Amino acid sequence: MPDAIDTTHPRPAAPADPDREFTVEERSQAQLVLRRFLQHRAAMVSLVVLVLLVLLAYVVGPLWRYDVGQITPDNSAPPSLAHPFGTDAVGKDQFAQVLGGTRTSLQVSVMVALLATFVGTLWGSIAGYFGGWVDTIMMRIADLVLTLPLIAVAAMLAHNLGGTWYLIGLVIAGLYWAYVSRVARGVVLSLREKEFIEAARALGASNTRIIVRHLVPNALGSILVNLTILVALAILLETALSYLGFGVQVPDTSLGLLVNEAQTALTTRPWLFYFPGLFIIIIALTINFIGDGLRDAFDPQQTKVRQ
Amino acid sequence: MLLYAVRRIVISIPILLVSSFIVFWLGTLSGNPLTPLLLRNPPPPQSVLDAEAARLHLDEPLVPRYLAWLGGVFRGDFGPSVIATQDIGEELATRFWVTMRLIIVAMIVALVLAVLVGVYTAVKQYSKSDYAATFIGFLFLAMPSFWLAILLKQGGIDFNTIVGDQVIYTIGASSIPPPDGLLARVADVAGHMVLPTIALALISYAAWSRFTRASMLETLNSDYVRLARAKGLPRRTVMFRHALRTALIPLTTVTALDMATILGGAVITETVFQWRGLGDFLIESIRQFDTYAVTSWLLISATIVIVLNLVADLLYGVLDPRIRYA
Amino acid sequence: MTDQQTGPEILRVSGLTVTFPSGDGPVRAVRGVDYTLHRGEVLGIVGESGSGKSVTSLAVMGLLPPTAQVEGTIRFDGVDLLAASEDELTRVRGERIAMIFQDPMTSLNPVYTVGYQIAEAVLAHRDVSKAAARERAIELLGTVRIPNPDQRVDSYPHELSGGMRQRVVIAIAMANDPDVIIADEPTTALDVTVQAQVMEALAAAQRATGAAMVLITHDLGVIAGQADRVMVMYAGKPVEVGGVEDIFYTPRMPYTLGLLGSLPRLDRPAERLTPIPGSPPSVVNMPPGCPFTPRCPLSSEVCREVEPELVGVEDAAGTSGDGHRAACHHSSQLAGAAAGEVFDAGGGEDLTGHGAAPADPTALTGEAGR
């Protein structure tokens with residue numbers, strides 16, 4: 001385990017053979033990261049599970065014999081070959097509903113992750129790079145967003161905007177960017193002090209060049225890790241909103257909405273409740289493990305825990 | 001230290017003020033309070049709409065409306081509710097402690113559990129129990145809080161069915177009417193709190209135990225812990241006096257920062273267990289487009305979070321001498 | 001300070017090996033270290049990062065992480081420390097063997113005053129009152145030459161400079177008059193200007209306690225001023241051991257010579273510094289033979305196949321050096337050579353021109369030089 005050697009000094013790897021030494025030197029950062037990620041067992045298992053789940057939702061879902069919202073003659077049927085996840089009181093096939101809900105929930109959370117990462121990274125990097133009063137004002141704004149219970153604000157805004165999936169995504173992204181901006185600012189602040197940035201600046205590189213050529217590639221690891229974590233956070237917030245009734249609305253469906261509809265029938269039709277919940281957990285869990293693997297791959301020394 | 005404290009307190013005041021304006025502005029985005037009237041069939045006459053708009057100060061521009069509302073808040077008047085008979089301030093006051101006792105107890109439970117597990121897994125790093133605790137932590141991080149709460153509620157119902165008696169309460173914050181006698185009343189409230197507390201605590205526990213573990217690992221591997229051992233201090237002394245004491249300092253900040261999330265979690269927990277607390281009030285107010293109620297709710301929660309962060313800041317100053325003089 | 005045998009034996013390390021499990025296979029950080037320390041003596045251990053010198057000392061203190069596999073014996077005053085229980089070790093640590101670590105910025109706990117941290121070391125081993133421990137702390141701060149010790153005793157570490165903090169760590173080390181002080185790179189993390197002052201405080205501490213000292217460093221300049229004997233380590237093994245003068249004037253292992261060549265000398269201003277090419281080998285999957293082979297200008301076929309033993313060497317003058325031992329197949333070639341002659345961009349050819357008799361012709365071809 002890596003920390004076992006931490007007590008000794010870091011020793012540069014230099015094989016006996018000079019040729020080998022050079023090949024080691026030239027192995028790119030990307031290859032190293034990839035290799036470390038592939039060795040992270042939990043992350044690799046999670047990746048496989050998640051890919052299978054996405055295929056299930058987007059490939060098997062549309063080919064499945066029932067559509068979302070389609071009413072079948074069987075009502076309140078327990079899981080069987082015809083209805084793997086059973087049916088509800090009016091005869092809707094829960095398998096089709098769950099796959100449909102998964103698609104909606106995934107779409108919302110991926111949209112949130114991309115949008116919030118873009119805005120938050122930009123916001124945090126500008127604040128961190130320029131510092132001074134720009135930094136103070138920008139980060140105070142982000143902090144103010146963070147003092148509000150996101151689910152309350154999201155519920156409020158989403159209720160007024162209506163239950164379309166991309167509007168829900170917009171609302172959630174409009175709150176989560178503040179988290180990203182904090183992380184991005186931290187990364188930029190630490191990079192700003194690094195020698196290679198100083199060197200680039202001393203050589204007369206422009207701000208834009210320093211940001212594009214030096215800051216962004218070096219911050220990429222943190223950004224990617226946060227992107228994955230955001231997907232998990234967003235899916236939990238979206239399903240909670242839909243559960244409370246402020247998220248995705250019928251005829252669309254979401255995993256949270258399915259749990260909401262199932263909660264009164266937990267004793268009589270438990271399958272309606274367990275399957276959508278299980279799908280939320282699997283998605284959030286695998287994404288968290290992938291994020292963990294990415295973090296280890298990009299920065300094996302870092303032990304900080306996500307917030 | 002005194003100077004540090006005064007400075008922190010002074011900084012908090014403008015933050016609270018700006019926060020109250022943002023909250024008010026967000027409130028106006030939550031919808032038109034006249035919506036329920038407009039949806040009525042047959043639609044009410046224009047004169048009724050105008051009267052309602054005037055009562056809710058909707059005919060005034062944003063800034064004067066905000067100033068009038070803020071002035072009212074200082075006098076204990078949180079603005080007119082859509083429901084003409086409802087006093088928002090009174091409603092918030094009665095519900096406040098219902099929610100706070102849930103939050104405070106859940107936070108204590110989560111903190112104690114998180115520190116115990118975090119320290120144990122850090123000391124036993126890479127052991128089977130460490131892996132198990134890590135996996136459980138990840139599981140709770142990935143678990144939707146409403147789903148877990150419903151599951152706990154069902155577990156309580158099943159348990160009661162098996163026992164054949166109402167042992168665990170699954171609905172409400174207390175029995176209506178309350179039982180006679182102080183002791184019986186306390187026991188009744190405690191009985192109602194068990195499941196919601198677990199549901200709320202487990203969500204924060206996951207993040208906090210992971211944080212404690214990482215923080216503890218950092219101090220355990222630090223040079224000063226190694227020097228403390230080299231001095232010949234007994235293992236327990238090193239562990240508590242040097243590693244744990246220092247590792248727990250950043251946890252104060254993390255706990256305070258998570259306050260907003262816990263308040264959000266309480267909204268969900270109260271919905272599932274049908275408590276008439278702050279969370280339930282928020283949900284109802286949003287449904288009825290009661291903007292002053294929603295705004296006042298957000299103001300209360302923002303104040304709680306900002307005050308708690310201030311307390312954490314001051315506590316940090318007491319615990320870490322490096323901050324005091326900074 | 002010359003190599004007089006100062007007193008009876010206090011610490012003997014023999015056959016010490018330390019292995020860490022890692023993802024890439026076992027890391028053999030220490031591969032067989034033997035040394036003896038006498039009372040009052042200063043032993044310098046020199047080597048590059050990763051040569052196993054710090055791990056050796058942590059093994060003596062019993063402070064290696066539990067994953068480390070340690071073999072061999074460490075006899076301290078007749079007791080085998082590797083066989084001792086944690087309780088026994090706790091009594092030895094700080095009381096009889098004290099340690100000073102490399103980085104004073106991180107060695108002290110930021111949340112306690114320096115006085116508290118010194119008093120803590122006293123109270124761990126002495127049954128005295130807190131007030132007496134505090135008095136002792138003030139006295140110790142004075143010994144390590146901290147001005148106004150009765151005020152500084154209540155300072156927090158962040159209020160002190162790096163040099164001051166390292167003095168506090170030295171004060172902690174001498175708190176219980178130990179028999180042995182292990183100083184692991186005590187000045188490496190400090191500014192050059194305060195290094196000398198801290199070394200002075202360390203020497204004062206050693207004089208005051210009469211302790212034997214193991215001084216670990218990669219800085220030969222520090223060794224020259226303080227040590228009686230020197231052990232040079234490379235890739236987890238000692239490669240040359242001897243009195244301080246043997247090592248400095250008649251090094252018999254190319255690596256030692258290389259270290260001397262990397263050292264700026266004020267007495268020979270014209271001479272150019274000669275770096276050793278390459279870097280130390282990875283201690284995972286070490287190839288057979290002498291680990292210094294890839295960087296050594298004298299390397300030959302035998303170096304690649306057989307790892308040389310640490311054996312006694314004769315000095316250039318022909319007199320047998322007292323306890324001077326080296327691990328090199330070509331150590332006899334090195335008698336009287338200077339670093340610039342052995343380590344040169346052109347490889348080993350220069351040496352032939354200086355008339356040293358090549359025992360093995362392949363050693364002097366350019367094959368090994370890069």
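Computed from a predicted model, the values in this text were never measured in an experiment.

The rules behind the values
Residues numbered from 1 in each chain as written. Chains lettered and ligands numbered in written order. Predicted model: local features only at pLDDT ≥ 70, side-chain atom pairs only at ≥ 80, totals over all residues. Helix = DSSP H or I, 4+ residues; strand = E, 2+ residues; numbered from the N terminus. Buried ≥ 20, exposed ≤ 12 C-beta atoms within 10 Å, placed from the backbone. Contact = placed C-beta atoms within 7 Å. UniProt positions renumbered as here; feature names shortened; annotations may be inferred. pLDDT = per-residue confidence, 0-100. Expected span 1.5 Å × (residues − 1). Axes fitted to C-alpha atoms, helices over the stretch in contact; angles between N-to-C directions. Left-handed = near helix turned anticlockwise from the far one by under 90°. Pairing = 2+ DSSP bridges.

Below, the discussion takes up the overall build of chain A. Counting its regular elements, chain A contains 11 helices and 0 strands. The order of helices and strands in chain A, counted from the N terminus, is α-α-α-α-α-α-α-α-α-α-α. Scored against the burial criterion, the 307 residues of chain A give a buried share of 45%. In chain A, of all internal contacts separated by at least 6 residues, the share reaching a separation of at least 24 is 69%.

Another point: the UniProt feature "transmembrane region" (unreviewed entry) in chain B. Residue and element names in this part refer to chain B. The feature "transmembrane region" (unreviewed entry), as given by UniProt, occupies residues 9-27, 102-123, 130-150, 189-208, 243-268 and 297-319 in the numbering adopted here. Strand forms 0% of residues 9-27 and helix 100%; the C-alpha atoms that close the span are 27 Å apart. Secondary structure across residues 102-123 divides into 100% helix and 0% strand, with the first and last C-alpha atoms of the span separated by 32 Å.

All right, on to the interface of chain B and chain A then. Listed by partner, the interface residues are 43 residues for chain B and 38 residues for chain A. Taken together, the elements giving at least two residues each to the side of chain B that touches chain A come down to helix H1 (2-29), helix H6 (128-142), helix H7 (145-163), helix H8 (182-220), helix H11 (259-273), helix H12 (278-287) and helix H13 (291-319) of chain B. The element that contributes the greatest number of residues to the side of chain B that touches chain A is H11(B), accounting for 7 residues.

The subject of this paragraph is the UniProt feature "transmembrane region" (unreviewed entry) in chain A. Annotation from UniProt places "transmembrane region" (unreviewed entry) at residues 42-64, 108-129, 141-159, 165-184, 223-246 and 271-291 of chain A. Within the segment residues 165-184 of chain A, helix and strand shares are 100% and 0% respectively, and the terminal C-alpha atoms sit 27 Å apart.

Below, the discussion takes up the UniProt feature "domain: ABC transmembrane type-1" (unreviewed entry) in chain A. UniProt annotation of "domain: ABC transmembrane type-1" (unreviewed entry) refers to residues 102-291 of chain A when read in the numbering used here. This span, residues 102-291 of chain A, is 84% helix and 0% strand, and a straight line between its end C-alpha atoms measures 20 Å.

Another point: the UniProt feature "domain: ABC transmembrane type-1" (unreviewed entry) in chain B. Feature annotation in UniProt places "domain: ABC transmembrane type-1" (unreviewed entry) on residues 96-316 of chain B, given in this structure's numbering. Secondary structure within residues 96-316 of chain B divides into 83% helix and 0% strand; the distance between the first and last C-alpha atoms comes to 27 Å.

Attention now goes to the confidence of the model for chain B. Across chain B, the average pLDDT comes to 88, with 99% of residues at or above 70. Here the prediction assigns the complex a pTM of 0.83, and the interface score ipTM is 0.89.

Before going further, it helps to spend a moment on H11(B). All names here are of chain B. In this model, H11 (15 residues) spans 21 Å end to end at C-alpha, consistent with the 21 Å of a helix rising 1.5 Å per residue. Counted residue by residue, H11 has 14 buried out of 15 residues, so it is predominantly covered. With its phi angle positive at about 55 degrees, Gln274 sits one or two positions after the end of H11.

Our next topic: the packing of helix H4 (residues 114-125) of chain C against helix H5 (residues 130-143) of chain C. All names here are of chain C. H5 packs onto H4 with a crossing angle of 115 degrees between their chain directions and a minimal axis gap of 8 Å. The way H4 lies across H5 gives a crossing that is right-handed. Between H4 and H5, the contacting residues are Gly115, Ile118, Ala119, Val122 and Leu123 on the first element and Lys130, Ala133, Arg134, Arg136, Ala137 and Leu140 on the second.

Residue and element names in this part refer to chain C. Pairing in this open sheet of 4 strands is antiparallel, and the strands run E2-E1-E4-E5 from one edge to the other. What marks the edges here is a single partner per strand, and that holds for strand E2 (27-38) and strand E5 (79-80). Across 7 bridges, the pairing between strand E1 (residues 9-20) and strand E4 (residues 69-76) is antiparallel. By the bridge assignment, Arg12 is partnered in E4 with Arg75.

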